[in-house]
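Residue strings, one per chain:
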Amino acid sequence: MEKNIRIGIGALAGLLLLRNLYVILFNLPDEMAQGPIYRIFYYHLPAYFTAMCCYLTALAASVLYLTKRDLRYDALAMAATEVGLAFAAVNLITGMIWGRVIWGIWWAWDARLTWALICWLVYFGYLMLRQAIDDPSERAKNSAVLSIFSFVSVAITYKAIEWWRTQHPGPVLSFRTGKQLIDPEMERMLFTNFLALALLAFVMVTVRLRQEDIQRQIDGLRRRAHAL
Amino acid sequence: MDSRNIQFMFWGLAVAWGLLAIYVVMLAARENRLQKQLESLKRILEDKQ
């Protein structure tokens, strides 16, 4: 049953992504100043929002682990972080490709880009830390503390375009500016593609969680095999 | 329209889809590996018992 729900949501995400790709490529007009390259934003921004949701999930799961000491919350934090890193990588690399055309450079050490990279590295470090600790409870406790501190970099990345004058464009979405700075149809597509990527991320997290469950079964069986 | 603009747009979209596809393949490969390990351990335990 659970597997069928996962397959259903995955199929829905896949169909929505394909439908969105068609609309992005063939139905939506070019942006007046940037030309076709602006279409990268339909992946760049939604991937960033999806990564933020994953990091937020990891934060909540880490807090829950520290209060309840249930290893399932630790597994959720790890799964959400790993999936978040994949989406954050999409955000960073698509941004670099857009920057190469619009700015003429692949990278600028401005506040937003630098913090986005720091955020990615900090969460990558979280996964590395997990590899280095064998004891499950010790690993979960240390990882949870690191995950909570790491979320500071997510918040700074989000606010960087408001706090500092950056080469990165400022906020454009209506929920942040309170004004309609971009075409409503374009904004709608950004959110539709966010929905598709968020559904995909949800399926990925549940698959990763299942794998952690199998890994726990394997560890248990190994201990039994050694004891016999 | 600048052809480089279109070319980079396609690269951007390809990277977005490609990275996610690579992660899905990695997830599937890990799932296969874990299932094989689990089955093999279950067989070993049955033999020992």
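Residues numbered from 1 in each chain as written. Chains lettered and ligands numbered in written order. Predicted model: local features only at pLDDT ≥ 70, side-chain atom pairs only at ≥ 80, totals over all residues.

### Remarks on the overall build of chain B
The helix and strand inventory of chain B stands at one helix and zero strands. Along the longest, intermediate and shortest principal axes, the C-alpha atoms of chain B span 70 × 10 × 5 Å. Sorting the 49 residues of chain B into buried and exposed places 14% on the buried side. (Helix = DSSP H or I, 4+ residues; strand = E, 2+ residues; numbered from the N terminus. Buried ≥ 20, exposed ≤ 12 C-beta atoms within 10 Å, placed from the backbone.)

### Points about the overall build of chain A
Along the backbone of chain A there are seven helices and zero strands. Mapped from its N terminus to its C terminus, chain A presents α and β elements in the order α-α-α-α-α-α-α. Each of the three principal axes of chain A carries a C-alpha extent, and together these read 70 × 40 × 30 Å. Looking at the 228 residues of chain A, the share that counts as buried comes to 36%. When contacts within chain A are restricted to residue pairs at least 6 apart in sequence, those whose partners lie at least 24 apart make up 77%. (Contact = placed C-beta atoms within 7 Å.)

### Some thoughts on helix α3 (residues 71–102) of chain A
Residues and elements named next belong to chain A. Across its 32 residues, α3 extends 46 Å between first and last C-alpha, which sits within 8% of the 46 Å expected from 1.5 Å per residue. The buried count for α3 comes to 26 of 32 residues, which makes it a mostly enclosed element. Positioned one or two residues after α3, Gly-104 has a phi angle of 85°, which is positive. (Expected span 1.5 Å × (residues − 1).)

### Things to note about the interface of chain A and chain B
Accessible area lost upon the coming together of the parts serves often as the stated size of an interface. Contacts between the two partners involve 29 residues from chain A, matched on the other side by 26 residues from chain B. Going through the elements one at a time, α2 (41–68), α3 and α7 (184–227) of chain A are the ones with two or more residues in the side of chain A that touches chain B. Residue contributions to the side of chain A that touches chain B peak at 12 residues, all from α7(A). For the side of chain A that touches chain B, the per-class residue count stands at 19 nonpolar, five polar and five charged. (Nonpolar A, V, L, I, M, F, W, Y, C, P; charged D, E, K, R; others polar.)

### A word on the nonpolar core
In terms of nonpolar packing, the biggest core is built from 67 residues, with Phe87(A) and Val90(A) touching the most fellow members. Broken down by secondary-structure element, the contributors of at least two residues to this core are α1 (2–27), α2, α3, α4 (111–132), α5 (136–163) and α7 of chain A together with α1 (3–48) of chain B. (Core = buried A, V, L, I, M, F, W, Y, C linked by C-beta atoms within 7 Å.)

### Concerning unusual backbone geometry
Residue and element names in this part refer to chain A. Its identity as a non-glycine residue notwithstanding, Arg-69 has a phi of 55°, on the positive side. Relative to the helices and strands, Arg-69 resides in the loop between α2 and α3. Overall, Arg-69 belongs to the partly exposed group, with 13 C-beta atoms counted inside 10 Å.

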